[in-house]
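Report on the structure
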Amino acid sequence: MSLWKPEVLEPKTRREYRIFGWAAGLGILALALDQLTKIIVMRRFTLGESLPVGEPFFALTYVRNEGAAWSILSGHGWFLLLVALVVVAGVAFFFRRLTEGYPERYFALLLILGGVVGNSIDRLWHGAVVDFFDFHWYDRFRWPVFNVADIAICVGVGLFILSTILRPSKKTSEKDSPQET
């Protein structure tokens, strides 16, 4: 028996619609912030230009990534767009099943979608994803340059994983509960 009973949203209730609205707003905000920051970087920087902000740790560096994370699948932009389309369609189709009624999963999934759509817009309009957050330790260690959409995706995935670990699955809970006859 748990001391904390997790809140579960009932389908098609005002509370669920309100949570969905806030989560969608956060996803749209992440998408808008991603696109706005990319526009600013493209207008103010030349490709490859770097502005040290917090040396030796951080700089704003304008790069383009033709692949996915760490440039994997570089040069396969259309394939990555297809994967993004499948992700968006899959999340939309299985949304309620994926959330299992847990509010934090609404936020997680819509953050992920905001990030996926943000990077997909880049692939369509620019042929590559615009990245600019550059964390490094002098010239010895460099983390791959990333953007706001990447942050939204990582935060969303992390939140979803954390929720999956900490929340009981409805399927497991239903199997464990005694059946009435």
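Please refer to the structure higher up on the page.
In what follows, the accompanying structure is described.

About the criteria used
- Throughout, residues of each chain are indexed from 1 in the direction in which the sequence is written.
- Only residues with pLDDT of at least 70 are given local features in this predicted model, and only at 80 or more are side-chain atom pairs given and counted; all residues enter the totals for whole chains, interfaces and linings.
- Note that water and hydrogens are dropped before the side-chain values are worked out from all heavy atoms of the structure.
- The convention used is that axes are lines fitted to C-alpha atoms, helices contributing only their stretch in contact, and that angles between N-to-C directions extend from 0 to 180 degrees.
- Strands are runs of DSSP state E lasting at least two residues, helices are runs of H or I lasting at least four, and both sets are numbered from the N terminus onward.
- Reported orientations rely on four angle classes, namely roughly parallel under 35 degrees, roughly antiparallel over 145, roughly perpendicular from 65 to 115, and oblique for the rest.
- Any two residues whose heavy atoms approach within 4.5 Å at even a single point are treated as in contact.
- Residue type decides the class: Asp, Glu, Lys and Arg count as charged, Ala, Val, Leu, Ile, Met, Phe, Trp, Tyr, Cys and Pro as nonpolar, and the leftover types, Gly among them, as polar.
- Aromatic rings from Phe, Tyr and Trp, with only the six-membered ring used for Trp, were paired whenever their centres fell within 6.5 Å, and each pair was classed as stacked if the ring planes differed by under 30 degrees, edge-to-face if by over 60, and tilted otherwise.
- Accessible area is worked out with a 1.4 Å probe on protein chains only. A residue is then buried under 20% of its type maximum, exposed over 50%, and partly exposed in between.
- At least two bridges found by DSSP between two strands is the condition for calling them paired.
- Should the near helix be turned counterclockwise from the far one by less than a right angle, the crossing is left-handed, whereas a clockwise turn marks it as right-handed.

What about the packing of helix H1 (residues 14-44) against helix H5 (residues 148-166)?
A pair of packed helices is characterised by two quantities: the angle between their axes and the separation of those axes. Running from amino to carboxyl end, H1 crosses H5 at an angle of 155°, the nearest separation of the two axes being 8 Å. Judged by the angle between their axes, H1 and H5 are roughly antiparallel. Residues Ala30, Leu33, Asp34, Thr37 and Lys38 of H1 form the contact with H5, whose own contacting residues are Val148, Ala149 and Ala152. Here the residues of the contact of H1 with H5 sort into five nonpolar, one polar and two charged.

Points about the packing of aromatic side chains
All told, the structure shown has ten aromatic pairs when counted by the stated rule. Centroid distance Phe95 to Tyr106: 5.2 Å. Interplanar angle 85°. Geometry classified as edge-to-face. Of this pair, Phe95 sits in helix H3 (residues 95-99) while Tyr106 sits in helix H4 (residues 103-126), and the two are eleven residues apart along the sequence. Across the pair, Tyr106 and Phe95 agree in class, each one buried.

Considerations on the sheet that holds strand E2 (residues 58-65)
Strand order across the open sheet formed by four strands is E1-E2-E3-E4, with antiparallel pairing between neighbours. The outermost strands of the open sheet, each flanked by one partner alone, are strand E1 (50-54) and strand E4 (141-142). With four bridges connecting them, E1 and E2 associate as antiparallel partners. If you follow Ser50 over to E2, its bridge partner there is Thr61. Along the sheet, H1 contacts E2 and strand E3 (129-137); its crossing angle with E3, the most-contacted strand, is approximately 80°.

Re the environment of Trp22
Relative to the helices and strands, Trp22 resides in helix H1. Sequence spacing of Trp22 and Phe107 is 85 residues, and the spatial spacing of their C-alpha atoms is 7.9 Å.

Digging into the pairing of E3
Each regular strand carries side chains that alternate between the two faces of the sheet. Where burial is concerned, most of E3 is hidden: seven out of the nine residues are buried. With two bridges joining them, E3 and E4 adopt antiparallel strand pairing. Following the sheet pairing, Trp137 is matched in E4 by Phe141. Turn length for the E3-E4 hairpin, with the two strands adjacent in sequence and antiparallel, is three residues, and the turn residue Tyr138 shows positive phi of about 50°.

Structural notes on the packing of H4 against H5
For the pair H4 and H5, interaxial distance at closest approach is 7 Å and the crossing angle is 155°. Considering their axes alone, H4 and H5 lie roughly antiparallel with respect to each other. Crossing angle aside, the handedness with which H4 passes H5 is left-handed. Touching Glu104, Arg105, Phe107, Ala108, Leu109, Leu111, Ile112, Gly115, Val116 and Asn119 of H4 are Ala149, Asp150, Ala152, Ile153, Val155, Gly156, Val157, Leu159, Phe160, Ser163 and Thr164, all from H5. Grouping the constituent residues of the contact of H4 with H5 by class yields 13 nonpolar, five polar and three charged.

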